[in-house]
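Summary of the model geometry
Single-letter residue listing:
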Amino acid sequence: MTTAPSPTQPLAGVRIVEISSFVAAPLAGMTLAQLGADVVRVDPIGGAADCHRWPLTDAGESIYWAGLNKGKRSVTVDLRSPDGRQLVARLITESGPAGGILLTNTAGREELDWDALTARRPDLIRLEILGRADGTAAVDYTVNAATGFPLVTGPADHDSPVNHVLPAWDLLCGIYAALAITAAVRHRDATGEGSRIALPLDDVALATAGNLGFLAEAALTGRERPRLGNALYGQYGQHFTSADGVSFMVVALTPRHFRDLTELTGTAAPVAALATALGVDFTDEGTRYRYRDVLTGLFAPWFQDRTGMEVATALAGTSVLWERYRSFADLVTEPRVTENPLFTPLRQPGIGDYLAPGAPMSVNGVHVPARPAPRLGEHTESILRE
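Read on for an overview of the structure. Just so we're clear, the structure is a prediction, and the values are computed from it rather than from any experiment.

What counts, and at which threshold
Chains are numbered independently. Their residues run from 1 in the order of the written sequence. This being a predicted model, a pLDDT of at least 70 is required before a residue's local features are given, and a value of 80 or more before pairs of side-chain atoms are given or counted; all residues contribute to the totals for chains, interfaces and linings. Only hydrogens and water are set aside; all other atoms, that is, all heavy atoms of the structure, feed into the side-chain values. We count a stretch as a helix when DSSP gives it H or I for four or more residues in a row; a strand needs E for two or more, and each element gets its number in order from the N terminus. The cut-offs for exposure are 20% and 50% of the maximum accessible area for each residue type, with area from a 1.4 Å probe on protein chains only; residues under the lower value are buried, those over the upper are exposed, and the others partly exposed. The contact criterion used throughout is that any non-hydrogen atoms of two residues lie within 4.5 Å. Shrake-Rupley sampling with a 1.4 Å probe provides the accessible areas, and residues are treated as covered by the protein chains on show and by no other component. An axis is simply a line fitted to the C-alpha atoms; with a helix, the fit covers only the stretch in contact. Between two such axes, the angle follows the N-to-C directions and lies from 0 to 180 degrees. Small angles under 35 degrees read as roughly parallel and large ones over 145 as roughly antiparallel, with 65 to 115 read as roughly perpendicular and the rest as oblique. Definitions for this section: a left-handed crossing has its near helix turned counterclockwise from the far helix by less than a right angle. A right-handed crossing has that turn clockwise. Three categories are distinguished: nonpolar for Ala, Val, Leu, Ile, Met, Phe, Trp, Tyr, Cys and Pro, charged for Asp, Glu, Lys and Arg, and polar for the others, with Gly belonging to the last. Take the residue count of a helix, subtract one, and multiply by 1.5 Å to get its expected span. The pairing criterion for strands is at least two bridges between them, as found by DSSP. Buried residues of nine kinds, namely Ala, Val, Leu, Ile, Met, Phe, Trp, Tyr and Cys, make up a nonpolar core once their side-chain atoms join them within 4.5 Å. A side-chain nitrogen of Lys or Arg and a carboxyl oxygen of Asp or Glu constitute a salt bridge if their distance falls within 4 Å. Pairing of aromatic side chains here covers Phe, Tyr and the six-membered ring of Trp, requires ring centres within 6.5 Å, and sorts the geometry by plane angle: under 30 degrees stacked, over 60 edge-to-face, intermediate tilted. Either the NZ atom of lysine or the CZ atom of arginine qualifies as a charge over a ring when it sits within 6 Å of the ring centre and within 35 degrees of the ring normal.

Notes on the overall build of the protein
Counting secondary structure elements, the protein contains 16 helices and 13 strands. Once the C-alpha set of the protein is aligned to its principal axes, its extents read approximately 80 × 50 × 40 Å. Burial status across the protein gives 45% buried among its 386 residues. In the protein, the proportion of contacts linking residues at least 24 apart, taken out of those at least 6 apart, comes to 67%. Approximately 19700 Å² of the protein is accessible, and the part contributed by carbon and sulfur atoms is 57%.

Some thoughts on the packing of helix H10 (residues 268-278) against helix H12 (residues 292-304)
Packing of H10 against H12 brings their axes to within 10 Å, and their N-to-C directions diverge by 160°. When the interaxial angle is binned, H10 and H12 end up roughly antiparallel. The handedness of the crossing between H10 and H12 is right-handed. For the pair H10 and H12, the contacting residues are Pro-270, Val-271 and Leu-274 in the first and Val-294, Leu-295, Leu-298 and Phe-299 in the second. For the contact of H10 with H12, the per-class residue count stands at seven nonpolar, no polar and no charged.

Some details on unusual backbone geometry
The peptide bond linking Trp-54 to Pro-55 adopts the cis configuration, its omega dihedral lying at 5°. Phi angles above zero are rare outside glycine, and Asn-364 is one such case at about 55°.

A few points about H12
Spanning 13 residues, H12 covers 18 Å between terminal C-alpha atoms, matching the ideal 18 Å at 1.5 Å per step. Among all positions in H12, only Arg-292, Leu-295, Thr-296, Phe-299, Ala-300, Trp-302 and Phe-303 are buried. Check the buried side of H12 and you find it contacts strand S7 (236-241), strand S8 (247-252), helix H9 (255-264), H10, helix H11 (285-290) and helix H13 (308-316).

Considerations on the sheet that holds strand S9 (residues 321-324)
Overall, antiparallel pairing links the three strands, which are arranged S7-S8-S9 in an open sheet. Two strands bound the open sheet, and with one partner strand each, they are S7 and S9. Between one strand and the next, the sheet's axes are offset by a mean angle of 15°, whatever the strand orientation. Looking at chain direction, S8 and S9 are connected through four bridges and run antiparallel. Counted as the bridge partner of Phe-248 is Arg-324 from S9. Packing against the sheet, H12 makes contact with S7 and S8, and its axis sits at approximately 35° to S7. Helix-sheet contacts for H13 involve S8 and S9, and the interaxial angle to S8 is about 20°.

Observations regarding the nonpolar core
Formed by 33 residues in total, the largest nonpolar core has its most connected members in Ile-16, Leu-32, Leu-127 and Ile-181. Looking at this core, the elements that each hand over two or more residues are helix H1 (24-34), strand S4 (101-104), strand S5 (125-130), helix H6 (168-191), strand S6 (195-200) and helix H7 (201-211). For this core, the element with the most residues is H6, which contributes eight residues. In this structure Leu-32 touches Leu-11, Ile-16, Ala-37, Val-39, Ala-178, Ile-181 and Thr-182, once residues within four positions along its chain are discounted.

Some remarks on the pattern of salt bridges
Summed over all chains, the structure comprises 20 salt bridges. As a salt-bridge pair, Asp-43 and Arg-41 come within 2.9 Å of each other at their nearest N and O atoms. Judged by relative accessible area, which is 0%, Asp-43 ranks as buried. Arg-126 serves as the salt-bridge partner of Glu-128, at 3.3 Å between the closest nitrogen and oxygen. The same class applies to Glu-128 as to Arg-126, namely buried.

Brief notes about the sheet that holds S6
Taken in spatial order, the six strands make up an open sheet running S3-S2-S1-S4-S5-S6, and their pairing is parallel. Looking along the sheet, the strands with just one partner apiece sit at the ends: strand S3 (73-77) and S6. Along the sheet, successive strands turn relative to each other by an average axial angle of 20°, direction set aside. Relative to S6, S5 runs parallel, the two being bridged by six bridges. Within S6, the position partnered with Ile-125 by the bridge is Ser-195. Where helix H3 (residues 82-93) meets the sheet, its contacts fall on strand S1 (15-19), strand S2 (38-44), S3 and S4, and the angle it forms with S1 comes to roughly 145°.

Here's the deal with the packing of aromatic side chains
We describe a pair of aromatic rings using the distance from one ring centre to the other and the angle between the two ring planes. Overall, the coordinates contain 10 aromatic pairs when judged by the stated rule. Ring geometry for Phe-240 against Phe-303: centres 4.3 Å apart, planes inclined by 10°, an arrangement best described as stacked. Highlighted residues: Phe-240 in strand S7 and Phe-303 in helix H12, separated in sequence by 63 residues. For Phe-303, a relative accessible area of 0% puts it in the buried group. Here Arg-53 stacks its cationic end above the ring of Tyr-64, 5.1 Å away from the centre of that ring. Taking the ring centre of Tyr-233 as reference, the NZ or CZ of Arg-225 above it sits at 3.6 Å.

The structure is reproduced here in C-alpha cells:
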C-alpha cells in the first residue's frame, strides 16, 4: 500500500479501522480512503446490517454497499467469540504509529470500550457516531422528523409531513466525522495525544438547523417557516413548465438576474407597472419573494408558449440561474457524468462495469479516481498476517 503522502493523498500511511453500517460512518471511511488512508472495514461473518441494502443488482448484490465502501479493505471476524473480539482490539491498537484510529457507529461493544483500548494504546483516536447525545438510538429519518424540516417541505397546501429523499444528516455527519478524524490525526502528530470524539447524528441536524437560521428565526420572531412548494424562501425562485412538458428551475437572486428574466419573458413593462401600483421596489429580494405568486403568473405564459429546447436556448443567453429537471436515468447518459473527470470507469466485482465518482475535489487539477469496494472479507488473511 502507498505510504508516502502526496497532495492528492495527504493521509497516506494512516490506518483507520472502521466498524460500521448504514450511511454516515461508511461515508466517513470512504472519504478518508479517498484522502489516502488505509481504511480497514471490519464486519461480522456474513456481513453487517447494510450488507444487502437496496438498491440491488438483478443478481441481488448491494449497489449501495459497493458505493459507500470504495477503496477500503475488508476483514470479517466472528464478533461473538472472545477470540474474535480480542482480534479486533489488536487490529485497532497494534497497527503501528500511524494506526490506533477507530471509526464506528456501533455502541456498547466491549472490544471497543474506550478505557480498555486506551489501556493498550494511550494515543488512541476513537470517533463514535451516536444517534443522540444521550446515547439513545436514532437514524436520519427519525432525526429529520424531530428537526422541523418535514413540516416546511412539500406543496404549500399540503397538510402532512413530507420527508426528503436525501439522507442529509447522514451525509453531513459522515463529512464531519472525516474532518474530525483528520483534525485528531494532526493533533496527535503534534502532541502525541489521542482523542475521544462523539458525534451525535441529532446534533448534526440541530447544528445545521441553527446555522441556517431556522431555529433563530422561530425563537426571535415566533414565526413558522411556511411551506413553499418549489419556491425559494426569501428570494425569487420557481419552477416552470414548457409547452412540451419540460420542467425548469429558474432563480433570480440579484437585480440583474431579475431584470434579465423580465426582459426575456417580455414582462418588463407589466412588472414595472405592478411595482408602481403596489408602491414597491423589485430590486429588493424580499419584495420579489413576497410577490412571487403574481410575478410567476406574469412569467409563466412565456414558458408555456415555448418548447423545452427553445426555453433552454433562450435562458442560456441571459444571466438568469436555471436548470432543467432531470431524472437519474437522464443524468447517467449526459456529459455531466460521461465527460466529467470526477467519474472514471470502475470494474466492481459482483456488480459490473460502470462510471463511478472519485473524490469530488480536484487537487492541482487532479481528481483521485474511484477504487473498487472490496468483496466482503476479501483482505482478512492478508491483514491478519500483517
